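Structural overview
Each chain, written out:
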Amino acid sequence: MNKRTLPILIGNWKSTPDTLQNAIKIVKLLEKKVLSAHPKLPKKPYYLAVPEIFIPHIKEISSGFIGSQNIGGISLGQTTGATIPSQLLTGGADFTLVGHSEVRKRGESEEERMHKVALSLQSKFTTVLCIGESKRDKEGKYLSFLEEDLKESLTLAPKNLFDYLIIAYEPVWAIGQSVPATPQECFEVVISIRRSLVSLVGMDYAKKVNILYGGGVHKDDAKIFLDEGGVDGLLIGQASQDATSFFEVIKNCYSK
Ligand code: 13P
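Treat the numbers as computed from the prediction; the structure is a model and nothing was measured.

What about the side chain of Ser68?
Here Ser68 is to be found in the loop between strand 3 (65-67) and helix 3 (85-90). Taking the relative accessible area as the measure of exposure, Ser68 reaches 1% and is therefore buried. In this view, Ser68 contacts Ala49, Val50, Glu52, Ile55, Leu88, Ala93, Phe95, Thr96 and Leu97; residues no more than four positions away in its chain are not counted.

Some thoughts on the site of the ligand
Taken together, 13 residues lie around the ligand, and Lys14, His100, Glu170, Gly176 and Gly216 are the ones closest in. With respect to the ligand, the side chain of His100 contributes an N or O atom lying 2.8 Å from an oxygen atom. Glu170 places a side-chain nitrogen or oxygen 2.9 Å from an oxygen atom of the ligand. In the complex, 99% of the free accessible area of the ligand, which totals 310 Å², lies under the protein chains. Tallied by class, residues from the shell around the ligand come to 4 nonpolar, 7 polar and 2 charged.

Describing the packing of helix 9 (residues 219-228) against helix 10 (residues 243-254)
Where helix 9 meets helix 10, the closest approach of the two axes is 8 Å, and the angle between their N-to-C directions is 35°. For the pair helix 9 and helix 10, the sense of crossing is right-handed. Where helix 9 abuts helix 10, its residues Lys219, Ala222, Lys223 and Leu226 lie against Glu248, Val249, Asn252 and Cys253. Taken together, the residues of the contact of helix 9 with helix 10 break down into 4 nonpolar, 1 polar and 3 charged.

Here we look at the state of the cysteines
If you walk through the whole model with that rule in mind, you get 0 disulfides. The thiol sulfur of Cys186 is not disulfide-bonded, and the nearest other cysteine sulfur, from Cys253, lies at 12 Å. Taking relative accessible area as the criterion, Cys186 reaches 0% and is therefore assigned buried. Residue classification places Cys253 among the buried positions, given a relative accessible area of 6%.

Brief notes about the side chain of Ser62
Within the secondary structure, Ser62 is located in the loop between helix 2 (55-61) and strand 3. Take Ser62: its relative accessible area is 13%, and that puts it in the buried class. At 2.7 Å, the side chain of Ser62 and the side chain of Tyr46 are in polar contact. Polar side-chain contacts of Ser62 include one of 2.8 Å to the backbone nitrogen of Gly64. Other than its neighbours up to four places away in sequence, Ser62 contacts Val27, Glu31 and Tyr46.

Remarks on the pattern of salt bridges
Under the defined criterion, the tally for this structure stands at 14 salt bridges. Residue Glu108 pairs with Lys116 through a salt bridge whose shortest N-O separation is 2.7 Å. Taking the relative accessible area as the measure of exposure, Glu108 reaches 10% and is therefore buried. Among the salt bridges present, the one from Lys219 reaches Asp220, with a minimum N-O distance of 3.6 Å. With relative accessibility at 62%, the residue Asp220 sits in the exposed group. Members of the salt-bridge network, linked through shared partners, are Glu108, Arg113 and Lys116.

Parameters at a glance
- Residues numbered from 1 in each chain as written.
- Predicted model: local features only at pLDDT ≥ 70, side-chain atom pairs only at ≥ 80, totals over all residues.
- Heavy atoms only, no water.
- Helix = DSSP H or I, 4+ residues; strand = E, 2+ residues; numbered from the N terminus.
- Buried < 20%, exposed > 50% of the residue type's maximum accessible area, 1.4 Å probe, protein only.
- Contact = heavy atoms within 4.5 Å.
- Near = heavy atom within 4 Å.
- Polar contact = N/O pair within 3.5 Å; in protein donor to acceptor, adjacent residues only side chain to side chain.
- Areas by Shrake-Rupley, 256 points an atom, 1.4 Å probe, with all protein chains shown as cover.
- Nonpolar A, V, L, I, M, F, W, Y, C, P; charged D, E, K, R; others polar.
- Axes fitted to C-alpha atoms, helices over the stretch in contact; angles between N-to-C directions.
- Left-handed = near helix turned anticlockwise from the far one by under 90°.
- Disulfide = S-S within 2.5 Å.
- Salt bridge = Lys/Arg side-chain N within 4 Å of Asp/Glu carboxyl O.

Right under this line is the structure:
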């Protein structure tokens, strides 16, 4: 994947909706809105990370990129219930999230995350690595925390496959809130992530990586992040879980 000029707008459905029937309803309505949008939207205007088992069903009716929210397993073999990247990819997923704070909270270790990222990239699977601090401090220690987190998560990642890597900056304190970080707070972190990437792998590889913002994004502030937050796209939770609000986010982000 080359660095995009179009915004990468990823909806994260988390563990919603409750049934496949309801998921289909949401996507059908979203598609109707996307198709009749004025001005016209690009061919694949959005990404959706859906419950894994819905992926093939949603792909059939969606014009977007449909992906998974996590990687369950990191080795082929006797690991019940753990889906590995090549299985997700060949089962129909276009991308995956890795290291979301809600997955970390349930016990994902640094070691596991490092292997998930490496294995996923080795499968040439578009991988959205999520990083974010739980709280901020005046001294800016959160920036060193993020740099360290990035470094550890990418320890085994093959830099020649960084075309497939996306970093999502999701401050944990903004997730699920009605007010996101400010675009300026986001911009500072994006610059810092870019610097860390350059020092890790050099400019040629670092510049291939798209960076997104996520946490409390809604239709009225989405575009400001693209214009002033220095990001290539957004990772959207609650506002993506309803066809109308997700469509409003998409439409606003593509407006001039
Ligand atoms: P909200 O947009 O609901 O804050 O969620 C953000 C998120 O966790 C996306 O991955």
